Amino acid sequence: MSAEYQVNGQIAVITLNNPPVNGLGHATRSAIVDGMKQALHNDAVKAIIITGAGKAFSGGADIKEFNSPKAMAEPTLHTVINVVEGSSKPVIAAIHSVCMGGGLELALGCNYRIASAGAQIALPEVKLGILPGAGGTQRLPRVLGLEMALNMIVSGTAVASEKLAKTALFNEMAEGDLMQAAMAFAEKVADVRPLPRVRDMKVDYPNYEAYLQFSRNTVRAMSGPFPAPLKCVEAVAAAVTKKFDDGIKFERSLFLDLVQTNESKALRHAFFGERAASKLPDVPEDTPVRPIKSVAVIGAGTMGGGIAMNFANAGIPVKILEMKQEALDKGLATIRKNYENTMKKGKLTPEKFEQRVGLITGTLSYDEIGQADIVIEAVFEDMGVKEQVFKKLDEVMKPGAILASNTSTLDVDKIAAFTKRPQDVIGTHFFSPANVMKLLEIVRGKLTAKDVLATVMGLSKKIKKTGVVSGVCDGFIGNRMIEQYSRQAGFLLEEGCTPEQVDKAVEKLGFAMGPFRMGDLAGNDIGWYIRKRRYVEKPQITYSKTADLLCEMGRFGQKTGAGWYDYKPGDRKAYSSSVVNEMIVKHSADLGIERRKISDQEIVERLIYALVNEAAHILEEGIATRASDIDMVYLTGYGFPLHTGGPMFYADTVGLQNVVMSMQKYAKGRHGDAWTPAPLLARLAAEGKTFN
Ligand code: T1G
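The text that follows walks through the structure, step by step, so that each part is easy to find. Along each chain, the written sequence defines residue order, and numbers are assigned to residues from 1. Confidence filtering applies because this is a predicted model: local features only for residues at pLDDT of at least 70, side-chain atom pairs given and counted only at 80 or more, and all residues used for totals across whole chains, interfaces and linings. By convention in this description, side-chain values take in all heavy atoms of the structure and omit both hydrogens and water.

**Describing the overall build of the protein chain**
Consideration 1: By the criteria applied, helices consist of DSSP H or I runs no shorter than four residues and strands consist of E runs no shorter than two, each listed in order from the N terminus. Within the protein chain one finds 28 helices and 19 strands.
Consideration 2: All radius of gyration figures rest on C-alpha atoms, and the globule criterion is 2.2 Å times the number of residues raised to 0.38. Here the C-alpha atoms of the protein chain give a radius of gyration of 29 Å, agreeing with the 26 Å that 2.2 N^0.38 yields for 692 residues.
Consideration 3: If you line up the protein chain on its principal axes, its C-alpha atoms span 90 × 60 × 50 Å.
Consideration 4: Residue burial is assigned from relative accessible area. The probe radius is 1.4 Å, only protein chains are included, and a residue is buried under 20% of its type maximum, exposed over 50%, and partly exposed in between. Here the protein chain, with 692 residues, has 56% of them falling under the buried criterion.
Consideration 5: In the protein chain, of all internal contacts separated by at least 6 residues, the share reaching a separation of at least 24 is 73%.
Consideration 6: Accessible surface, the protein chain as shown: approximately 29200 Å² in total, 56% of it carbon and sulfur. Contacts are residue-level and defined by heavy atoms, with any inter-residue pair within 4.5 Å sufficient. To be clear on the numbers: accessible area is Shrake-Rupley with a 1.4 Å probe, and residue cover counts the displayed protein chains and nothing else.

**Details of the packing of aromatic side chains**
Here a ring pair, both rings aromatic, is described through the centre-centre distance and the interplanar angle of the planes.
Consideration 1: Ring geometry is summarised as follows: Phe, Tyr and Trp rings, the Trp one being its six-membered ring, pair when their centres sit within 6.5 Å, and such pairs are stacked at plane angles under 30 degrees, edge-to-face over 60 and tilted between the two. The full count for this structure, using the stated rule, is 13 aromatic pairs.
Consideration 2: Through pairs of rings, three or more aromatic residues link up here, namely Phe431, Tyr485, Phe511, Tyr634, Tyr638 and Phe640.
Consideration 3: Lys545 extends its terminal NZ or CZ atom over the ring of Tyr535, reaching a point 4.2 Å from the ring centre.
Consideration 4: In this analysis the charged atom, NZ for Lys or CZ for Arg, is taken to sit over a ring once it is within 6 Å of the ring centre and within 35 degrees of the ring normal. One cation-aromatic arrangement involves Arg606 over Tyr666; the distance from NZ or CZ to the ring centre is 5.9 Å.

**A look at unusual backbone geometry**
Consideration 1: Residues Pro19 and Pro20 are joined by a peptide bond in cis, for which omega reads 10 degrees.
Consideration 2: Here Pro20 is to be found in the loop between strand E2 (11-16) and helix H1 (26-41).
Consideration 3: The omega torsion of the bond from Ser432 to Pro433 falls at -5 degrees, within 30 degrees of zero and hence cis.
Consideration 4: Secondary-structure assignment places Pro433 in the loop between strand E15 (425-430) and strand E16 (439-443).
Consideration 5: Despite not being glycine, Lys464 has its phi angle at roughly 60 degrees, a positive value.
Consideration 6: By the element assignment, Lys464 lies in the loop between helix H17 (450-462) and strand E17 (466-470).

**A look at the site of the ligand**
Consideration 1: Contacts to the ligand come from 27 residues, most closely from Gly59, Gly102, Glu105, Glu125 and Lys279.
Consideration 2: The term polar contact refers here to a pair of N or O atoms within 3.5 Å; inside protein, the definition further demands a hydrogen-donor-capable atom paired with an acceptor-capable atom, and it admits residues adjacent in sequence only when both atoms are side-chain atoms. Here a nitrogen atom of the ligand and a backbone polar atom of Ile63 are 2.9 Å apart.
Consideration 3: At 2.8 Å from an oxygen atom of the ligand is found a side-chain nitrogen or oxygen belonging to Lys279.
Consideration 4: Where the shell around the ligand is concerned, the elements lending two or more residues are strand E5 (98-100), helix H4 (102-109) and helix H11 (262-276).
Consideration 5: Element by element, the count of residues in the shell around the ligand is highest for H11, at three residues.
Consideration 6: Across the shell around the ligand, the residue classes tally to 15 nonpolar, five polar and seven charged. What makes a residue near a molecule or strand is one non-hydrogen atom of that residue sitting within 4 Å of it. Polar here means any residue other than Ala, Val, Leu, Ile, Met, Phe, Trp, Tyr, Cys and Pro, which are nonpolar, and Asp, Glu, Lys and Arg, which are charged; Gly is therefore polar.

**Section: the sheet that holds strand E13 (residues 374-377)**
Consideration 1: We treat two strands as partners when DSSP finds at least two bridges between them. Taken together, eight strands build an open sheet; the order of strands is E12-E11-E10-E13-E14-E15-E16-E17 and the sheet is mixed. Taken across any chain shown, the strands that pair with only one partner, and hence form the sheet edges, are strand E12 (360-363) and E17. Neighbouring strand axes in the sheet, compared pairwise and without regard to direction, differ in orientation by 25 degrees on average.
Consideration 2: As defined by bridge partners, E13 adjoins strand E14 (residues 402-405) across four bridges and the pair is classed as parallel. Across the sheet, residue Ile376 finds its bridge partner in E14, namely Ala404. Axis definition: a line fitted to C-alpha atoms, over the contacting stretch in the case of helices. Angles run 0 to 180 degrees between N-to-C directions.

**Comments concerning the pairing of strand E19 (residues 571-575)**
Consideration 1: Pairing between strand E18 (residues 566-568) and E19: two bridges, direction antiparallel. Opposite Asp566, over in E19, you have Tyr575 as the bridge partner.
Consideration 2: The turn linking E18 back onto E19 is made up of two residues, and Gly570 within it adopts a positive phi angle of 75 degrees.

**Focus on the pattern of salt bridges**
Consideration 1: Salt bridge, as used here, is a side-chain nitrogen of Lys or Arg placed within 4 Å of a carboxyl oxygen of Asp or Glu. Inspection of the entire model under this criterion finds 43 salt bridges.
Consideration 2: With a shortest N-O distance of 2.9 Å, Arg139 and Glu85 are connected by a salt bridge. Of this pair, Arg139 sits in helix H5 (residues 136-144) while Glu85 sits in helix H3 (residues 77-85), and the two are 54 residues apart along the sequence. Residues Arg139 and Glu85 agree in their burial class; the two are buried.
Consideration 3: The salt bridge involving Asp548 is made with Lys545; its shortest N-O contact spans 4.0 Å.

**So, empty space enclosed by the protein**
Consideration 1: Here a cavity denotes grid points, spaced 1 Å and computed from the protein atoms alone, that fit a 1.4 Å probe unable to get out, and a pocket denotes an open set having protein on both sides within 12 Å along at least 5 of 7 lines; residues with an atom within 4 Å of a point are the lining. Grid points are joined across faces, edges and corners, and a volume is the space filled by probe spheres set on the points. Within the structure shown, the criterion is met by one cavity of 30 Å³ or more.
Consideration 2: Approximately 50 Å³ is the volume found for the largest cavity.
Consideration 3: For the largest cavity, the full set of lining residues is Phe311, Ile374, Ile376, Thr428, Phe430, Leu440, Val456, Leu459, Ser460 and Ile463.
Consideration 4: With three residues, the single largest contributor to the lining of the largest cavity is H17.

**Concerning the side chain of Ser278**
Consideration 1: Along the chain, the position of Ser278 falls in the loop between H11 and strand E10 (295-298).
Consideration 2: Polar side-chain contacts of Ser278 include one of 2.9 Å to the backbone oxygen of Arg275.
Consideration 3: Those residues within four positions of Ser278 in sequence are excluded, and the remaining contacts are Met457 and Lys461.

**So, the nonpolar core**
Within soluble globular proteins, side chains that are nonpolar tend to cluster in buried spots.
Consideration 1: Definition used in this section: a nonpolar core is a set of buried Ala, Val, Leu, Ile, Met, Phe, Trp, Tyr and Cys residues joined via side-chain atoms within 4.5 Å. Counting 68 residues, the largest nonpolar core has Ile50, Ile95, Leu106, Ile121, Leu140 and Leu169 as the members making the most contacts within it.
Consideration 2: Counting residues in hydrophobic clusters, the runner-up holds 65 residues, among them Leu493, Ile603, Tyr609 and Ala615.

**Points about helix H12 (residues 302-313)**
Consideration 1: Between the first and last C-alpha of H12 there are 17 Å, a value that for 12 residues agrees with the 16 Å anticipated at 1.5 Å per step.
Consideration 2: In terms of burial, H12 is largely enclosed, as nine of its 12 residues are buried.
Consideration 3: Turning to H12, its buried residues are Gly304, Gly305, Gly306, Ile307, Ala308, Met309, Asn310, Phe311 and Ala312.
Consideration 4: Trailing H12 by a residue or two, Gly315 shows a phi angle of about 80 degrees, which is positive. Multiplying 1.5 Å by the residue count of a helix minus one yields the expected span of that helix.

**A closer look at the sheet that holds strand E7 (residues 120-122)**
Consideration 1: One open sheet holds the three strands; their spatial order is E5-E7-E8, and the pairing between them is mixed. The sheet terminates laterally at E5 and strand E8 (159-160), the two strands that pair on one side only.
Consideration 2: Strand direction decides the pairing type here: E7 and E8, joined by two bridges, are antiparallel. Bridging from a neighbouring strand, Gln120 pairs with Ala160 of E8.
Consideration 3: The strands touched by H4 are E5 and E7; relative to E5, the strand with the most contacts, the crossing angle is about 85 degrees.

The structure is reproduced here in structure tokens:
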């Protein structure tokens, strides 16, 4: 049963019980209606309380049911709310912990609402690319007023219940035990008539047209490719401009439009993908984890400093080890500066500033980090240097300490072999800037112990990262894929594109930055260093030489004042470079390539399908556990447009048969071997299946 019914004296209590968050799935909705029927037919019952078991009143509609017959099966949430609102006996919502989405809409259909402090109150539907579809846009403005309700619905942000205590949303805030307070309240209102109903209230807002127009303009400007925010404004507007039942109909029509959009499906995919990534098929969820009460970081450079900040932000003390006092002082000063800048922006209180800075200390001696529960090295990306560091860590770190490498491509199994405790070695690949980027690639060595994996996955959540497990291969998941993306970008230059044309094509799709602006930002010499290694290790892989020619000109990007683009001192704006464009044209001529006009569609397909094809190999090899993990890597670490759901979801949306057909077209061109479909991709396409 996903809702229990019981009668205490004259009060019936319906308790939602559909763990983990009392999602209002079909079974729960049916159980609520059954409970209501029992209470209404029992003359001994004078009032009805609805509440939630466990850690939520209700987290809303069951998102897992969306776009399936169950979502629309009677009793729909609308029907449930109509039964509650049409009750002949008072219905009281007893709210605690989480009351969101359809859960809040259910509470708004009750006659009364009482809440414990600290409950998260929200209509977060917009974050899933939809809008409150069971009356929230019509009822919330009636209890909170137009502005507060509009802000909550358009942002989807949760508000603590105590902050809404003085509004008409809550009739009472429960002191102490919620159910005791609810029972007392129910006794008090059992005979009060007429029964108050939110739908009978009015939204009072003089000159609402001007406010709504201002809201439309503001929301249109900030919602980018997502249609839902603006529809939220229109739905809330109906609470002021239409009769209640007409407003409900209008809201429903907007909801049904949005729930079918690719943007909403992409956002829901990302919602579940974020949560699925922490599940490891061969690591039980109840695997005991090692306590992490202190952290050590080796290296106070850009990465080491950023990594250290993550742990300080989570309240965990961090000791940074450097070899030279000057480097240590510089690193600690940079960290302090970063926090000062955040505080200046009003995003950090002085108290928090002091607390976080105080949690990060420095040392020049390995002896002082031996007691840390985890040590993360962020030293130069060279296997020889890693060898020295890990041999030393093996000597000094206490038994049971986790030894992590921030390597971005090197073989974690080789690193583990430098120690006598390979089971304690793992990769924790942060993305620069490490204190900002959400992605953490957790690289699992062949011998990495399961409790180490579970510990680091739990730690990634604690430091608010999206942890994605990768097996060991060159580049893990993200960088291995980006290499194919970069290859195609270079070939496109040789065949007829300019850097800005390639960048603009993918930025139009929604990428934060195209490959060439990204190269100028990150440093073109990084790729140059890796390609030089690749030319030796894998001579069969072809690359465009344009990137090498660029580096031979010393054009490493913003850090050298010139890269694919020209830059002016103190200005990060990228200006088209005639020098570079001439170099590219000359290089095409040297190769005997007749440059041609290339469409944006070809640019987007070649860049993204190159990612997808490599990802299919990564999936097949078991480097990534599932396709949605790869989507999470690209959504949280590489600026892939959120409204597409990530490269794999994007390919599913296009249709894998269409992806393969495009690849077959490109296989006829230069470097056609790059377009041989991975066996998994070819099979799924042939079977009309999808990655996700
Ligand atoms: N439906 C289905 N599953 C849900 C769910 C939901 N609404 N909310 C959470 N889960 C699952 C989640 O996938 C995870 O599963 C587990 O619960 C714990 O989640 C008509 C149409 C409620 C604040 O958008 O914001 O109502 O991984 O890890 O950190 O207008 O979950 O364990 O298998 O996030 O404690 C609107 C979304 C729905 C709320 C709890 N509601 N959920 O956070 O746990 S649309 C939402 C959250 C709607 C109506 C419309 C959070 C949380 P698993 P968790 P948490």
